[in-house]
Amino acid sequence: MLNRRRLLMTSAVAVAGGVTLGWNVLVANADQEFDEIYDGRRIRGKADLLFVDGDLVHVMRNGDGSYTTSINHYESFSSLRDAAKRAVDTLGDLRPVTHAH
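Below is a short write-up of the structure. (Residues numbered from 1 in each chain as written. Predicted model: local features only at pLDDT ≥ 70, side-chain atom pairs only at ≥ 80, totals over all residues. Heavy atoms only, no water.)

The next point concerns unusual backbone geometry. Within the chain, Asp 39 stands out as a residue other than glycine whose phi angle is a positive 50°. Here Asp 39 is to be found in the loop between strand S1 (34-38) and strand S2 (41-46). According to the relative accessible area criterion, Asp 39 is exposed, its value standing at 62%. Positive phi outside glycine occurs at Asp 53, with the angle close to 50°. Positionally, Asp 53 belongs in the loop between strand S3 (49-52) and strand S4 (55-57). (Helix = DSSP H or I, 4+ residues; strand = E, 2+ residues; numbered from the N terminus. Buried < 20%, exposed > 50% of the residue type's maximum accessible area, 1.4 Å probe, protein only.)

Spelled out as C-alpha coordinates, the structure:
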(Lines give C-alpha, C1' and ligand atoms only; values in the text may rest on other atoms or scores of the structure.)
Protein backbone atom coordinates (compact mmCIF):
# COMPACT_ATOMS: atom_id res chain seq x y z
CA MET A 1 0.00 0.00 0.00
CA LEU A 2 1.29 3.44 -0.90
CA ASN A 3 1.12 5.72 2.10
CA ARG A 4 1.93 9.41 2.26
CA ARG A 5 5.51 8.95 3.52
CA ARG A 6 6.37 6.44 0.78
CA LEU A 7 4.77 8.69 -1.83
CA LEU A 8 6.84 11.68 -0.65
CA MET A 9 10.05 9.64 -0.58
CA THR A 10 9.40 8.26 -4.07
CA SER A 11 8.69 11.76 -5.38
CA ALA A 12 11.88 13.12 -3.82
CA VAL A 13 13.95 10.36 -5.45
CA ALA A 14 12.29 11.01 -8.82
CA VAL A 15 12.99 14.75 -8.59
CA ALA A 16 16.61 14.16 -7.56
CA GLY A 17 17.02 11.76 -10.50
CA GLY A 18 15.56 14.34 -12.87
CA VAL A 19 17.90 17.04 -11.57
CA THR A 20 20.88 14.73 -12.01
CA LEU A 21 19.79 13.83 -15.54
CA GLY A 22 19.27 17.51 -16.39
CA TRP A 23 22.71 18.39 -15.03
CA ASN A 24 24.32 15.61 -17.07
CA VAL A 25 22.66 16.91 -20.24
CA LEU A 26 23.90 20.44 -19.52
CA VAL A 27 27.44 19.21 -18.90
CA ALA A 28 27.35 17.09 -22.07
CA ASN A 29 26.12 20.05 -24.13
CA ALA A 30 28.83 22.31 -22.68
CA ASP A 31 31.43 19.86 -24.01
CA GLN A 32 29.92 20.21 -27.49
CA GLU A 33 30.96 23.85 -27.95
CA PHE A 34 33.79 24.30 -30.44
CA ASP A 35 35.12 26.73 -33.05
CA GLU A 36 37.94 25.46 -35.21
CA ILE A 37 39.31 25.01 -38.70
CA TYR A 38 38.92 21.52 -40.16
CA ASP A 39 40.21 20.66 -43.63
CA GLY A 40 40.34 24.36 -44.53
CA ARG A 41 36.74 25.03 -43.42
CA ARG A 42 35.59 26.80 -40.27
CA ILE A 43 33.29 24.62 -38.19
CA ARG A 44 31.42 25.93 -35.16
CA GLY A 45 29.09 24.13 -32.83
CA LYS A 46 27.19 25.22 -29.77
CA ALA A 47 24.32 23.36 -28.11
CA ASP A 48 22.54 21.79 -31.10
CA LEU A 49 23.61 24.40 -33.67
CA LEU A 50 26.21 23.64 -36.31
CA PHE A 51 27.82 26.03 -38.80
CA VAL A 52 30.20 25.36 -41.68
CA ASP A 53 31.86 28.57 -42.93
CA GLY A 54 29.01 30.52 -41.32
CA ASP A 55 26.28 28.51 -43.07
CA LEU A 56 23.81 26.76 -40.79
CA VAL A 57 23.69 22.97 -41.09
CA HIS A 58 20.46 21.42 -39.84
CA VAL A 59 21.16 19.09 -36.89
CA MET A 60 18.84 16.56 -35.35
CA ARG A 61 19.36 14.99 -31.95
CA ASN A 62 18.52 11.29 -31.85
CA GLY A 63 16.86 9.58 -28.92
CA ASP A 64 20.12 7.91 -27.91
CA GLY A 65 21.91 11.29 -27.71
CA SER A 66 23.73 10.95 -31.02
CA TYR A 67 23.52 13.53 -33.82
CA THR A 68 22.40 13.42 -37.44
CA THR A 69 22.78 16.24 -39.95
CA SER A 70 20.96 17.16 -43.13
CA ILE A 71 24.24 16.49 -44.96
CA ASN A 72 24.65 12.92 -43.64
CA HIS A 73 21.05 12.10 -42.88
CA TYR A 74 21.47 8.34 -42.53
CA GLU A 75 24.56 8.42 -40.32
CA SER A 76 24.68 8.97 -36.56
CA PHE A 77 27.55 10.66 -34.78
CA SER A 78 28.47 10.52 -31.11
CA SER A 79 29.35 14.22 -30.95
CA LEU A 80 28.46 17.43 -32.72
CA ARG A 81 32.15 17.86 -33.63
CA ASP A 82 32.21 14.45 -35.36
CA ALA A 83 29.04 15.36 -37.26
CA ALA A 84 30.61 18.67 -38.37
CA LYS A 85 33.80 17.00 -39.59
CA ARG A 86 31.87 14.37 -41.54
CA ALA A 87 29.68 17.08 -43.08
CA VAL A 88 32.81 18.90 -44.28
CA ASP A 89 34.19 15.64 -45.72
CA THR A 90 30.91 15.05 -47.57
CA LEU A 91 30.50 18.64 -48.80
CA GLY A 92 33.97 18.98 -50.26
CA ASP A 93 34.03 22.48 -51.81
CA LEU A 94 30.23 22.84 -51.78
CA ARG A 95 28.22 24.96 -49.37
CA PRO A 96 25.38 23.48 -47.35
CA VAL A 97 21.90 24.26 -48.65
CA THR A 98 19.65 25.92 -46.11
CA HIS A 99 15.99 25.16 -46.56
CA ALA A 100 12.80 25.83 -44.66
CA HIS A 101 10.24 23.18 -43.76
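Within the open sheet, the four strands sit side by side as S1-S2-S3-S4. Their pairing is antiparallel. In this open sheet, the two strands that pair with only one neighbour each are S1 and S4. Sheet twist, expressed as the average angle between the axes of neighbouring strands with direction ignored, equals 25°. In the sheet, S3 pairs with S4 via three bridges, with the strands oriented antiparallel. Bridging from a neighbouring strand, Val 52 pairs with Asp 55 of S4. Most of the contacts of helix H2 (residues 80-91) go to S1, to which it runs at about 30°, and overall it touches S1, S2 and S3. (Pairing = 2+ DSSP bridges. Axes fitted to C-alpha atoms, helices over the stretch in contact; angles between N-to-C directions. Contact = heavy atoms within 4.5 Å.)

So, on to the pairing of S3. Only one face of S3 is covered, namely the face carrying Leu 50 and Val 52; the face carrying Leu 49 and Phe 51 is uncovered. For S2 and S3, the ladder comprises four bridges, and the chain directions are antiparallel. Bridge pairing in S3 links Lys 46 to Leu 49. Here S2 folds back onto S3 in antiparallel fashion, the turn holding two residues, of which Ala 47 has a positive phi close to 55°. Here S3 folds back onto S4, and the loop between the two strands holds two residues, one of which, Asp 53, carries a positive phi near 50°.

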